[in-house]
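Each chain, written out:
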Amino acid sequence: MEITSAEFVISNSRADMCPDTKLPEYAFIGRSNVGKSSLINMLTQKPKLAMTSSTPGKTLLINHFLVNKAWYLVDLPGYGYAQRGKKIMDKIQKLIEYYVLERQQMTCLFVLIDSRLEPQRIDLEFIEWLGENGVPFALIFTKADKQTTTKTRQSVERFMNKLQEQWEELPPYFISSSEKKTGRQEILDYIEEVNKSIASTGGMTN
Ligand code: GDP
């Protein structure tokens, strides 16, 4: 898929106030600093698109971007900010939970994982929660340019092995670098494929 247009639409502090449309939504989530804004900018080829959402306060919001007038790219707040107060943590958690579990348009949640790190408990727990709730998701291992291809491959393997301890079927995964534009075509093609399969089954049911 090629991206012909990508525009910021709205930020919301409540999942039930998100745009009232039937277009499929592909949401992006991960720990703070995992490279989410960079990835969104790289995918849309708009260097400042996700900066709209990284202005103070907006990182606590759900941000909708309309792509090709056909689907929404949704930037969710990061999880696991240890330095934030409990009240804000609870608020973010509720916002994420409500969006991920209740939003009918949510077609695939891309969970971003830093490819340089050992499997992190918070990521594994989040993924486990997705599994328990039957949420469709895929993984994106970020910042691959920061180490050798071999190191990235080993790291991905370690993470997938960890998942395999609990899962029979592993989720799709992608390796990305926002610096080198690695993974861009694969991720966009995946979205296109899912969009096509939705269209061929008669669209979304909600
Ligand atoms: P966010 O908090 O998840 O939105 O993370 P950002 O996109 O703001 O990225 C956090 C830091 O990592 C920034 O300094 C980025 O420049 C850097 N970064 C993000 N993605 C990449 C990448 O693919 N390669 C490299 N080398 N640095 C990256």
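Residues numbered from 1 in each chain as written. Predicted model: local features only at pLDDT ≥ 70, side-chain atom pairs only at ≥ 80, totals over all residues. Heavy atoms only, no water.

(A) Expanded view of the site of the ligand. The ligand sits among Asn33, Val34, Gly35, Lys36, Ser37, Ser38, Lys143, Asp145, Lys146, Ser177, Ser178 and Glu179. In this structure, Lys143 approaches the ligand through a side-chain N or O atom, which is 3.1 Å from an oxygen atom. When the free accessible area of the ligand is taken as 570 Å², the share hidden by the protein chains comes to 70%. Of the residues in the shell around the ligand, the class split is 1 nonpolar, 6 polar and 5 charged. (Near = heavy atom within 4 Å. Polar contact = N/O pair within 3.5 Å; in protein donor to acceptor, adjacent residues only side chain to side chain. Areas by Shrake-Rupley, 256 points an atom, 1.4 Å probe, with all protein chains shown as cover. Nonpolar A, V, L, I, M, F, W, Y, C, P; charged D, E, K, R; others polar.)

(B) Just the environment of Asn68, in detail. In this structure, Asn68 sits in the loop between β3 (62–67) and β4 (71–75). Distance in space between the C-alpha atoms of Asn68 and Thr44 is 10.0 Å, their sequence separation being 24 residues. The residues contacting Asn68, other than those within four sequence positions of it, are Met1, Glu2, Ile3, Thr4 and Ser5. (Helix = DSSP H or I, 4+ residues; strand = E, 2+ residues; numbered from the N terminus. Contact = heavy atoms within 4.5 Å.)

(C) Structural detail: the pattern of salt bridges. For the structure on display, the rule yields 9 salt bridges. Between Arg103 and Glu25 there is a salt bridge, with the nearest N and O atoms lying 2.6 Å from each other. A residue pair is termed long-range when its members are at least 10 positions apart, and Arg103 in the loop between α3 (86–102) and β5 (106–114) and Glu25 in strand β2 (residues 25–30) qualify at 78 residues. The exposure class of Arg103 is buried, given its relative accessible area of 12%. In this structure, Glu118 engages Arg158 in a salt bridge whose closest nitrogen and oxygen atoms are separated by 3.5 Å. One end of the pair, Glu118, is in the loop between β5 and α4 (121–132); the other, Arg158, is in helix α5 (residues 149–164), with 40 residues separating them in the sequence. By relative accessible area, which is 34% here, Arg158 ends up partly exposed. (Salt bridge = Lys/Arg side-chain N within 4 Å of Asp/Glu carboxyl O. Buried < 20%, exposed > 50% of the residue type's maximum accessible area, 1.4 Å probe, protein only.)

(D) Geometry of the environment of Trp167. Mapped onto the elements, Trp167 comes out in the loop between α5 and β7 (173–175). Residues Trp167 and Glu128 lie 39 residues apart in sequence; the distance between their C-alpha atoms is 9.0 Å. Each residue touching Trp167, except ones within four places of it in the same chain, is listed here: Ile127, Gly131 and Phe137.

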